[in-house]
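Chain residues, written in single-letter form:
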Amino acid sequence: MNAARDILRQLLRDPAAAVGLLIILLLVFIAIFAPLLATHPEAIWDMNPRQRLLPPSDTYVFGTDRMGADIYSRILFGARITMVIASVAVGVALLIGVPIGLISGWTQNWLGEALMRVSDIFLAVPQIVLAIAISQTLGPSIENVILALSVTYWPWFTRLVHAEVRSLKNETFIEAAIALGVPTWRIILLHVLPNVASPIIVRTSIGMGFTILTASALGFLGLGAPPPAPEWGRMIAESREFLPEAWWYALAPGLAIFLVVMGFNLLGDGLRDVLDPRIRRAGARR
Amino acid sequence: MRILALILQRIAWLVPTLAGLVAVVFFISRVIPADPVAKLAGETASRAQIELLREKLGLDRPLLVQLVDYYRQLLSGDLGTSLFTTRPVWDDLYARLPATIELTIVAMMIAVVIGIPLGVVSALYRNTIIDHVLRIITVAGLAVASFWLALVLQLYFAMDLGWLPLQARITGFPPPSITGFYIVDTLVEGNFTRFRNVVAHLTLPAFTLAFPALATVVRFTRAGVLETLQKNFVVYQRAMGIPSGLIVWKYVLRNSLISTVTQIGLLFGILLAGTVVIETVFQWPGIGAYAFEAILQSDYAAVMGFTVYAGVVFGIVNLVVDIGHAILDPRGTGA
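Conventions adopted
- Residues numbered from 1 in each chain as written.
- Chains lettered and ligands numbered in written order.
- Predicted model: local features only at pLDDT ≥ 70, side-chain atom pairs only at ≥ 80, totals over all residues.
- Heavy atoms only, no water.
- Helix = DSSP H or I, 4+ residues; strand = E, 2+ residues; numbered from the N terminus.
- Buried < 20%, exposed > 50% of the residue type's maximum accessible area, 1.4 Å probe, protein only.
- Contact = heavy atoms within 4.5 Å.
- Areas by Shrake-Rupley, 256 points an atom, 1.4 Å probe, with all protein chains shown as cover.
- Lys, Arg positive; Asp, Glu negative; His and termini not counted.
- Charge placed at Lys NZ, Arg CZ, Asp CG, Glu CD.
- Patch = residues over 30% accessible without salt bridge, like charges linked within 9 Å, V, L, I, M, F, W, Y side chains within 5 Å.
- Salt bridge = Lys/Arg side-chain N within 4 Å of Asp/Glu carboxyl O.
- Buried area = accessible area lost by both parts, 1.4 Å probe.
- Polar contact = N/O pair within 3.5 Å; in protein donor to acceptor, adjacent residues only side chain to side chain.
- Nonpolar A, V, L, I, M, F, W, Y, C, P; charged D, E, K, R; others polar.
- Domains from an automatic or database assignment.
- Axes fitted to C-alpha atoms, helices over the stretch in contact; angles between N-to-C directions.
- Parallel < 35°, antiparallel > 145°, perpendicular 65-115°, else oblique.
- Left-handed = near helix turned anticlockwise from the far one by under 90°.
- Expected span 1.5 Å × (residues − 1).

Trainee: Before we move on, could you go through the overall build of chain A and cite the residues and values that matter?
Mentor: Per the secondary structure count, chain A includes 10 helices and 0 strands. The N-to-C order of helical and strand elements in chain A reads α-α-α-α-α-α-α-α-α-α. Burial status across chain A gives 56% buried among its 286 residues. Look at the contacts in chain A between residues 6 or more apart in sequence, and 71% of them connect residues 24 or more apart. Approximately 12,300 Å² of chain A is accessible, and the part contributed by carbon and sulfur atoms is 67%. Within chain A, the 20 negative side-chain charges are centred at a point lying 6 Å from the centre of the 22 positive side-chain charges.

Spelled out as structure tokens, the structure:
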């Protein structure tokens, strides 16, 4: 607990990381209290042809969309979709990727080798190529987007953990534990895992930002949550036919994606500086 | 010799990896609820007609048999026939390849030519206002959704100011096809009106595509230069009174670029992934837009063809980068 407080204190000393953390806390707050914060919570899924495509005003802060719904309120509810997709997808990727990385890094036999080759297959094309193929085949829905993103993101964790475990295995304290006859599962859980936690945390934060970008791209291409779900990427796609007149339509969702991704990236950079001073600030991203 | 061994080893790994990739996408694309055969046959087709078509396309056989067949087909250089354009996928990809290569190369050039000097400047003026501004730009470059950036740029430069065309690759007739790269072809042809037209069309998509890669280049160059600046030889050169401009642009930059060069594979991945979205937004007649169309139509052969293309291109680029790295910096070769 003390360690956590220490990390937090160091994080807050870095203004960029503090801003990142603030943005993410704000996002979580908005996602939870969307119905209370929204000015027109009832109009998210309704059609109001008379209020169609109104520019920003006191009543509609960010204007209205093609259905006459308040864009501000839709953005708030969209925060829920974004948070759910990103946290579940990255969470599942963690649950798949970290154990596989631990096993392959530790065993270093044919099994470990085979697992790494499998993860290489998923890294052989950019993530979005596979994610598009998967979410298209499964059909547009939030669950399928989550599935597509986690299936394509886990190898990043595997590769990271694998490399860390391999170098850890040569450390004296691990060799000592092996020599003392400590059961392997105990060594992995109590000695290896805590020592690879830092890079995993950093990668998780940056992975959240990256996943939100990919998820919104899927939404933009029409492969995300089906309408009328207030998914940010899809809102931008919808706005295209009303440009340039309804400029506000695309503005708010784009800024929302930008802010949130930036929040996770800034936090990730800050966490890297605090937790993992070995890695340079510009170290491998994604 | 060691480098040759490395190359052979990497090529040997590339083949099973690509085979695995093909298998993964193959199974994903065949285990679908949507039935492309029914779609292709049309809504009025009877059940028997659909089955006949399925049989004709060979889609009624066991999946494993289809996969083995597909491998055999790939090995003979055949990517199959697109269900929707009814042309060989290879021909479709080949026809669209120049558009994508042209866009990607220009974007890569923008990222490198602008990114490296910015990175050096950012490192030299560390923690000054210049560095902070550049840091904000790079952070933004990695956080902005490319399709949104594309729309904003379209909105401002094409719709509002009218300076640049909204989309497509050219207005009017394309230049006579010599290389397929419009920039080269218009220059060879000597038609400068058409050349300007092509450049204008390229500007927005290439810049949008380049933006995240640019941000990455700036970050890596900055970090590399900062690290090199602390090395002993730099201190020595300073002590020898060598002008600092010469030190930085000649000696420091060369040493710090090794890390940037090794990231070209990563950059290329960013660009390759970007083409799907950017080409769709700008209606750029390249492979990315083709892949997206193919996916929307559940066009097996075309989706597979694109994936194989992406895997091969990505694999080769990474191979070349690894070889380059082994030559530049033989210490890490190991194997």
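Trainee: Please provide a residue-by-residue account of a nonpolar patch on the surface, values included.
Mentor: Residue and element names in this part refer to chain A. A grouping of Val28, Phe29, Ile32, Phe33, Leu36 and Leu37 is seen on the molecular surface, where their side chains present a nonpolar patch of about 530 Å² in accessible area. Relative to the helices and strands, Phe29 resides in helix 2 (residues 15–37). The partly exposed category is assigned to Phe29, whose relative accessible area is 42%.

Trainee: Outline the interface of chain B and chain A, listing residues and values.
Mentor: Listed as interface residues are 45 residues of chain B and, on the opposing side, 50 residues of chain A. In total, chain B and chain A occlude about 4,200 Å² of area from one another, counting both sides; carbon and sulfur atoms represent 76% of this. Per-residue buried area on chain B facing chain A is highest for Phe147(B), Trp148(B) and Arg219(B); these three make up 15% of the total on that side. Our count for the chain B to chain A interface comes out at 1 salt bridge. At the boundary of chain B and chain A, one finds 3 residue pairs in polar contact (both at pLDDT 80 or more). Of all the secondary-structure elements, those providing two or more residues to the side of chain B that touches chain A are helix 1 (2–30), helix 6 (129–143), helix 7 (146–160), helix 9 (192–229), helix 12 (264–281), helix 13 (287–296) and helix 14 (300–328) of chain B. In terms of residue class, the side of chain B that touches chain A is built from 32 nonpolar, 10 polar and 3 charged.

Trainee: Which residues make up the domain arrangement of chain B, and what are the values?
Mentor: All names here are of chain B. According to the domain assignment, chain B contains domain 1 (37–78) and domain 2 (89–333). Spacing between the C-alpha centres of domain 1 and domain 2 amounts to 39 Å. When domain 1 packs against domain 2, the two sides together hide about 380 Å² of surface, and 65% of this comes from carbon and sulfur. Connecting domain 1 to domain 2 are 0 salt bridges. For the pair domain 1 and domain 2, the number of links is 0 residue pairs in polar contact (both at pLDDT 80 or more).

Trainee: Outline the packing of helix 9 (residues 232–239) of chain A against helix 10 (residues 247–275) of chain A, listing residues and values.
Mentor: All names here are of chain A. In the contact formed by helix 9 and helix 10, the axes pass within 8 Å of each other and the chain directions differ by 150°. Taken together, the axes of helix 9 and helix 10 lie roughly antiparallel to each other. Where helix 9 crosses over helix 10, the handedness of that crossing is left-handed. Touching Trp232, Gly233, Met235, Ile236, Glu238 and Ser239 of helix 9 are Tyr249, Ala250, Pro253, Gly254, Ala256, Ile257 and Val260, all from helix 10. A breakdown of the residues in the contact of helix 9 with helix 10 according to their chemical character gives 9 nonpolar, 3 polar and 1 charged.

Trainee: Before we move on, can you summarise helix 10 of chain A with the specific residues and values?
Mentor: Counted at 1.5 Å a residue, the expected span for helix 10 of chain A with its 29 residues is 42 Å, and the 42 Å between its end C-alpha atoms agrees. The buried count for helix 10 of chain A comes to 24 of 29 residues, which makes it a mostly enclosed element.

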